[in-house]
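Letter by letter, the chains look like this.
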Amino acid sequence: MRKTGECGIMSCRSRLSFPQIPRPLAGLGGDTRGAALIEFAFVVGPLMALMVAILQTSLTYFAQQNLETTAEKSVRQLLTGAAQTSNMSQAQFKTLVCSKLPSFMKCANVIVDVQVASNFSSANTGVPTLTYDSSGNVNNSWVYQPGIPGQITVARIMYVWDVSKGPLGFDLSTLSGGKRLLISTSVFKTEPNWS
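Note that the structure is a prediction, hence the values are computed from the model and not measured.

Rules used in this analysis
- Residues numbered from 1 in each chain as written.
- Predicted model: local features only at pLDDT ≥ 70, side-chain atom pairs only at ≥ 80, totals over all residues.
- Heavy atoms only, no water.
- Disulfide = S-S within 2.5 Å.
- Buried < 20%, exposed > 50% of the residue type's maximum accessible area, 1.4 Å probe, protein only.
- Helix = DSSP H or I, 4+ residues; strand = E, 2+ residues; numbered from the N terminus.
- Pairing = 2+ DSSP bridges.
- Axes fitted to C-alpha atoms, helices over the stretch in contact; angles between N-to-C directions.
- Contact = heavy atoms within 4.5 Å.
- 1 Å grid on protein atoms, 1.4 Å probe; cavity = no way out; pocket = protein on both sides within 12 Å on 5 of 7 lines; lining within 4 Å.
- Points joined across faces, edges and corners; volume = space filled by probe spheres on them.
- Nonpolar A, V, L, I, M, F, W, Y, C, P; charged D, E, K, R; others polar.
- Core = buried A, V, L, I, M, F, W, Y, C linked by side-chain atoms within 4.5 Å.

**Some remarks on the state of the cysteines**
Within this structure, the stated rule accounts for 1 disulfide. Between the sulfur atoms of Cys98 and its disulfide mate Cys107 the distance is 1.9 Å. Here Cys98 and Cys107 share a disulfide; its torsion about the S-S bond, 75°, makes the bridge right-handed. On the basis of relative accessible area, Cys98 is assigned to the buried category, the value being 16%. By relative accessible area, which is 34% here, Cys107 ends up partly exposed.

Spelled out as C-alpha cells, the structure:
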C-alpha cells in the first residue's frame, strides 16, 4: 500500500491507493451477479404454497365463524319458543337461517337438523354421515323436532363449503368433490314458559 498526497497552501489531502487484484475468471466460482435471483427462485415456490394455505385456511375459519353467528341468531327462535308458537316448519326455519347468512354463503348449501334429547348426556352432537344422490346432492333425511317448553333440544346448522386443493398436497376438504362440512351445534333447554 502506497500513500500518495497532494498538498497546497490551504489544504492537504491524502489518498490511499491499493494495488489492483486481478478478477477471477468469469463463471460460477467468482461471479455472484444473479445469486439473489437464484436464491429467490428456490424460496418462491414454498412461499407461494404457504400463502395459498394461509388464505384457504383463513377463508374456511371465517365461513365457520359466520355459520356460528348465524346459528346463534336462528336458534334463539327455538330457545324462546317463538318458532314453536308460530308453528314454523322445517322449510320456514331453514329460510330463517338463510336470511341471517352473509351474502357470500348460499342458501342451497344449508342443512338444518333439529331434534330433542331425553338428557344432555344422550344428545347427538356427532358429525353426520352424508349420503348423496346421483347428481351429487345431499339426500339425507333430516329431523325437525323443535321441542316443547323445558325440553332439551339439539340444533345442528350445517353448511357444505367449497374448498380447493392447494399446492404441495394441502387439502381442507372433509367430503368428496372438494367440499368441507361446517357444523354449528347448539344444545339447550327451551324456556319453560312461552307467552
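**Comments concerning the pairing of strand β4 (residues 152–162)**
The element β4 is largely enclosed, with a buried count of 10 among its 11 residues. Across 8 bridges, the pairing between strand β3 (residues 110–117) and β4 is antiparallel. By the bridge assignment, Val110 is partnered in β4 with Tyr159. Relative to strand β5 (residues 179–189), β4 runs antiparallel, the two sharing 11 bridges. Paired with Thr153 across the bridge in β5 is Phe188.

**Points about unusual backbone geometry**
Phi is positive for Asn87, which is not a glycine, with a value near 50°. Within the secondary structure, Asn87 sits in the loop between α2 (82–85) and α3 (90–99).

**Focus: the sheet that holds β5**
Strand order in the open sheet made by the 3 strands is β3-β4-β5, with antiparallel pairing throughout. For this open sheet the edge positions go to β3 and β5, each flanked by a neighbour on one side alone. Taking the axes of each pair of neighbouring strands and ignoring which way they run, one obtains an average angle of 15° across the sheet. Sitting on the sheet, helix α1 (residues 35–79) is in contact with β3, β4 and β5, with an inclination near 30° to β5. Together, β3 and β4 form the strand contacts of α3, whose direction differs from that of β3 by roughly 120°.

**Concerning the layout of surface pockets**
Left-over empty space is what a probe sized like a water molecule reveals as it rolls over the atoms. Of the pockets and cavities examined, the largest pocket occupies roughly 380 Å³. Mapped by element, the contributors of at least two residues to the lining of the largest pocket are α3, β3 and β4. Grouping the constituent residues of the lining of the largest pocket by class yields 10 nonpolar, 6 polar and 4 charged.

**Some details on the nonpolar core**
One finds Leu78 and Phe93 to be the most contacted residues of the largest nonpolar core, which totals 25 residues. Only α1, α3, β3, β4 and β5 provide two or more residues apiece to this core. Per-element accounting of this core gives the leading share, 5 residues, to α1. The residues contacting Phe93, other than those within four sequence positions of it, are Ser74, Val75, Leu78, Met88, Val112, Val114, Tyr144 and Ile157. With 7 residues, the next largest nonpolar core counts Leu130, Val160, Leu175 and Leu181 among its residues.

**A few points about α3**
Those residues of α3 that sit buried are Phe93, Leu96, Val97 and Cys98. Along its buried surface, α3 packs onto α1, β3 and β4.

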